[in-house]
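# Secondary and tertiary structure notes
Next come the chains, spelled out residue by residue.
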Amino acid sequence: MLSVEIDSGSGFCGGVIRAITRAEDYLAGHDRLYSLGDIVHNEAELSRLRGHGLVTVESLSNVPDKGTILIRAHGEPPSTYEAAAAHHLEVIDCSCPVVLQLQKRIRDAYARLHENGLCGQVIIFGRVGHAEVLGLLGQVEGDALVVENPQMLSDALDNLDFSQPMEIFSQTTKSPKEYAEICGMLRSRGARLTVHDTICAQVATRHEKLAAFAAAHDVILFVSGKTSSNGKVLSDLCRSVNTRTYVVGGIEEINPAWFKDRDRVGICGATSTPKWLLESVGNYLTRWP
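What comes next is a walk through the structure.

The rules we used
Residues numbered from 1 in each chain as written. Predicted model: local features only at pLDDT ≥ 70, side-chain atom pairs only at ≥ 80, totals over all residues. Heavy atoms only, no water. Helix = DSSP H or I, 4+ residues; strand = E, 2+ residues; numbered from the N terminus. Rg over C-alpha atoms; globule rule 2.2 N^0.38 Å. Buried < 20%, exposed > 50% of the residue type's maximum accessible area, 1.4 Å probe, protein only. Contact = heavy atoms within 4.5 Å. Areas by Shrake-Rupley, 256 points an atom, 1.4 Å probe, with all protein chains shown as cover. Lys, Arg positive; Asp, Glu negative; His and termini not counted. Charge placed at Lys NZ, Arg CZ, Asp CG, Glu CD. Core = buried A, V, L, I, M, F, W, Y, C linked by side-chain atoms within 4.5 Å. Expected span 1.5 Å × (residues − 1). Arc of directions from axis to C-beta. Polar contact = N/O pair within 3.5 Å; in protein donor to acceptor, adjacent residues only side chain to side chain. Axes fitted to C-alpha atoms, helices over the stretch in contact; angles between N-to-C directions. Left-handed = near helix turned anticlockwise from the far one by under 90°. Nonpolar A, V, L, I, M, F, W, Y, C, P; charged D, E, K, R; others polar. Pairing = 2+ DSSP bridges. Salt bridge = Lys/Arg side-chain N within 4 Å of Asp/Glu carboxyl O.

### Some details on the overall build of the chain
Per the secondary structure count, the chain includes 10 helices and 12 strands. Radius of gyration (C-alpha) of the chain: 21 Å, near the 19 Å computed for a compact globule of 289 residues. Overall size of the chain, expressed as C-alpha extent along the three principal axes, is 70 × 50 × 25 Å. Counting only residues that meet the buried cut, the chain has 52% of its 289 residues in that class. Long-range pairs, those at least 24 residues apart, make up 71% of the contacts in the chain between residues at least 6 apart in sequence. With an accessible surface of roughly 13500 Å², the chain has 51% of that area assigned to carbon and sulfur atoms. Taking the average location of the 28 positive side-chain charges in the chain and that of its 35 negative ones, the two points are 4 Å from each other.

### Notes on the nonpolar core
Grouped burial of nonpolar side chains is what soluble globular proteins tend to show. The biggest cluster of nonpolar side chains holds 19 residues, and the ones touching the most others in it are Leu153, Leu160, Phe162, Met166, Ile168, Leu186 and Leu193. Looking at which element gives the most residues to this core, the answer is helix H7 (residues 176-188), with five residues. In contact with Phe162, other than residues within four places in its own chain, are Leu157, Leu186, Arg189, Ala191 and Arg192. The next biggest cluster of nonpolar side chains, apart from the first, holds 17 residues, and it includes Cys13, Ala19, Leu33 and Leu49.

### Considerations on helix H1 (residues 14-27)
Helix length check: H1 (14 residues) gives 20 Å between terminal C-alpha atoms against 20 Å at 1.5 Å per residue, within 8%. Of the residues making up H1, those classed as buried are Gly15, Val16, Ala19, Ile20, Ala23, Tyr26 and Leu27. Buried residues of H1, seen end-on, are gathered within an arc of 125° and therefore sit on one face of the element. Packed against the buried residues of H1 are strand E2 (33-36), helix H2 (43-50), strand E3 (54-57), strand E4 (68-71) and strand E5 (90-93).

### A closer look at H7
For H7, built from 13 residues, the straight-helix expectation of 18 Å at 1.5 Å per residue is met to within 8% by its first-to-last C-alpha distance of 18 Å. Residues of H7 that are buried sit in contact with strand E6 (121-125), strand E7 (145-147), helix H6 (150-156), strand E8 (166-170) and strand E9 (193-195). Looking at where H7 begins, the residue whose side-chain oxygen comes 3.3 Å from the main-chain nitrogen of Lys177 is Ser175. Once H7 finishes, Gly190 follows within two positions and takes phi at roughly 80°, a positive value.

### Topic: unusual backbone geometry
Phi at Lys66 is positive, roughly 70°, even though this residue is not glycine. Relative to the elements of secondary structure, Lys66 occurs in the loop between E3 and E4. Positioned with a positive phi, His88 is a non-glycine residue whose angle comes to about 60°. Here His88 shows up in the loop between helix H3 (78-86) and E5.

### A word on the packing of helix H8 (residues 201-215) against helix H9 (residues 229-241)
At their nearest, the axes of H8 and H9 sit 8 Å apart, and the two run at 35° to each other. Here H8 and H9 pass one another in a crossing that is right-handed. Contact with H8, carried on its side by Val203, Arg206, His207, Leu210, Ala211, Ala214 and Ala215, involves Asn230, Val233, Leu234, Leu237, Cys238 and Val241 of H9 and no other residues of that element. Split into classes, the residues belonging to the contact of H8 with H9 amount to 10 nonpolar, two polar and one charged.

### Topic: the sheet that holds strand E12 (residues 264-269)
The strands making up a sheet are joined through hydrogen bonds of the backbone, oriented either antiparallel or parallel. With parallel pairing, four strands are arranged side by side in an open sheet as E1-E12-E10-E11. Of all the strands in the sheet, just strand E1 (3-6) and strand E11 (245-248) have a single pairing partner and so form its edges. Neighbour-to-neighbour, the strand axes of the sheet open up by a mean angle of 20°, direction not taken into account. Where E1 lies against E12, four bridges are found, and the strand directions are parallel. When the bridges of E12 are listed, Ile6 appears paired with Ile267. Across the face of the sheet, H8 comes into contact with E1, strand E10 (219-223) and E12 while running at roughly 155° to E12.

### A short note on the pattern of salt bridges
Under the definition given, this model contains 11 salt bridges. As a salt-bridge pair, Arg264 and Asp218 come within 3.0 Å of each other at their nearest N and O atoms. In this pair, Arg264 is assigned in strand E12 and Asp218 in the loop between H8 and E10, connecting sequence segments 46 residues apart. A residue is classified by how much of its surface remains accessible, and Arg264, at 40% relative accessible area, is partly exposed. A salt bridge links Lys232 to Asp236; its shortest N-O distance comes to 2.6 Å. Here Asp236 and Lys232 lie together in helix H9, a separation of four residues that amounts to about one turn. What you see here is one network of salt bridges that share partners, running through Glu24, Glu45 and Arg48.

So, in structure tokens, the structure goes:
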């Protein structure tokens, strides 16, 4: 028999909860709501919301004039709001307040770095092409360097002007440990660097607690959508302290060969993983003989 525990700290972050709640409230009185990109990086939750009338689109051109578009928690560049106005769309803006503050800080930094003849550099530690990162780039018309990892930064070092000031920001859901490593690499080259603490506090505090949770169990089932950036970061963290860590999207992906009798199984997930999905995995395992 397995012993099963669900991590109390796993589940939607505040920004995702806010976006989904507003979508559900709107759909309670309307047949259709368009989301610009996936409202959450979790296939099971997206399927549930589609059943209520949420339609995911990749472009505003796919939304009928005078339709209603939801801006998800990741945020968007200014050009998206301009295009929505041009198409006479009603906008439900669910940009996470943490992301909105980060967007403002990047705009302000860019202005500082280019005043009085300066030609400084904004650097963003984040996943290339991620929706949040695209929204951040849009604040400075794309004039920033995005690095995903230490190797990408190493490849770019020779093209940076270290005589000019630099300011660095992190995507809100990235690893604090990796961010510190990136900043250390720049400082080791003598960069005049200003480091901004922009990883979401809810995400940052989870790392230490999740590592302890993973170490306290024989097996970890990490429940996450395949496209979740936060899920990749946190599942890698679990695996670094517990090699018997397995990433699943739901119960259909669980392999019985992963478990031994009397294993202590910990179930956890990304900030984009709904509680109901974690609970369904837990209930499934507790019914095992």
